[in-house]
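A closer look at the structure
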Amino acid sequence: EPIIEDIVEYDYFIINDEITFIFNEKDDKEEYSSLFDYEKILNGKNIYIDIYENGFYKETIKCEKIVTIPLNNSYYQFDIYYKYTNGFLDGKKTTLDFYL
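Scope of this entry: the structure provided in the associated data block. (Residues numbered from 1 in each chain as written. Predicted model: local features only at pLDDT ≥ 70, side-chain atom pairs only at ≥ 80, totals over all residues. Heavy atoms only, no water.)

**Details of the packing of aromatic side chains**
Put simply, the test is: Stacked, tilted and edge-to-face pairs are distinguished by plane angle, under 30 degrees for stacked and over 60 for edge-to-face with tilted covering the rest, among Phe, Tyr and Trp rings (Trp via its six-membered ring) whose centres lie within 6.5 Å. Where helices and strands are cited, they refer to DSSP runs of H or I of at least four residues and of E of at least two residues respectively, numbered from the N terminus. Think of it in three bands: with a 1.4 Å probe and only protein chains considered, a residue is buried below 20% of the maximum accessible area for its type, exposed above 50%, and partly exposed in between. In our convention, an over-ring charge means Lys NZ or Arg CZ found within 6 Å of a ring centre and within 35 degrees of that ring's normal.
Under the criterion given, the structure shown has 11 aromatic pairs. A ring pair is formed by Y10 and F21, whose centres lie 5.8 Å apart and whose planes are at 65°; its orientation type is edge-to-face. Of the two residues, Y10 is situated in strand β1 (residues 10-15) and F21 in strand β2 (residues 18-23); the sequence distance between them amounts to 11 residues. A residue is classified by how much of its surface remains accessible, and F21, at 0% relative accessible area, is buried. Arranged with centres 5.9 Å apart and planes meeting at 10°, the rings of F21 and F23 form a pair that is stacked. A single burial state applies to F21 and to F23, both of which are buried. When the ring centre of Y82 is taken as reference, the NZ or CZ atom of K45 above it lies at 4.7 Å. Here K93 stacks its cationic end above the ring of Y81, 4.7 Å away from the centre of that ring.

**So, the sheet that holds strand β4 (residues 56-63)**
We count it as follows: Any two strands with at least two DSSP-identified bridges between them are counted as paired. Working convention: axes come from line fits to C-alpha atoms, limited for helices to the stretch in contact. Angles between N-to-C directions cover 0 to 180 degrees.
Strand order in this open sheet of four strands is β4-β3-β6-β7, and the pairing throughout is antiparallel. Edge positions in the open sheet fall to β4 and β7 (89-99), since each of these has one partner strand only. Put simply, the sheet's adjacent strands are angled 20° from each other on average, direction ignored. Alignment of strand β3 (residues 45-53) against β4, held across seven bridges, turns out to be antiparallel. Bridge pairing in β4 places E53 opposite F56.

**A word on unusual backbone geometry**
Even without being a glycine, N16 presents a positive backbone phi close to 50°. One can find N16 in the loop between β1 and β2. We note that D17 has phi near 60°; this positive angle belongs to a residue other than glycine. Judged by its relative accessible area of 44%, D17 is partly exposed.

**Side note on the nonpolar core**
Worth spelling out the cut-off: For our purposes a nonpolar core is just a set of buried Ala, Val, Leu, Ile, Met, Phe, Trp, Tyr and Cys residues, chained together by side-chain atoms within 4.5 Å. Contact criterion: two residues are considered in contact whenever any of their non-hydrogen atoms come within 4.5 Å of each other.
Among the nonpolar cores identified, the biggest contains 19 residues, and F21, F23, I49, I69, F78 and I80 are the most heavily contacted of them. When contributions to this core are tallied by element, the ones reaching two or more residues are β2, β3, β4, β5 (66-70), β6 (75-84) and β7. In terms of residue count, the dominant contributor to this core is β6 (four residues). If near-sequence neighbours (up to four positions away) are discounted, I80 is found in contact with V8, Y10, F21, F23, I47, Y48, I49, K92, K93 and T94.

**Digging into the sheet that holds β2**
Taken in spatial order, the three strands make up an open sheet running β1-β2-β5, and their pairing is antiparallel. Two strands bound the open sheet, and with one partner strand each, they are β1 and β5. The mean angle between the axes of side-by-side strands here comes to 20°, regardless of whether they run parallel or antiparallel. Note: β2 against β5, five bridges, orientation antiparallel. What sits directly across from E18, in β5, is P70.

Here's what the structure looks like:
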């Protein structure tokens, strides 16, 4: 059974009090015969961002390939990760934090 380890790859830019993320989904799955295809069994997966503003949880958003989030003059932390439709996380969270 292969070990599945997905890391969210992204670029971002900040313009006029908004941050825009562009996600680059990895497609380097090895071709192998497997009894268990976790993505099919668990009904697919999506990219999510947990948003924290000034240390407090604000919201979680499900992302498309490009997402824009409005910002205030605050400290922000974004936890970015893959999550299967049934709620299980896939891989580790990637964290981006900064002060605007």
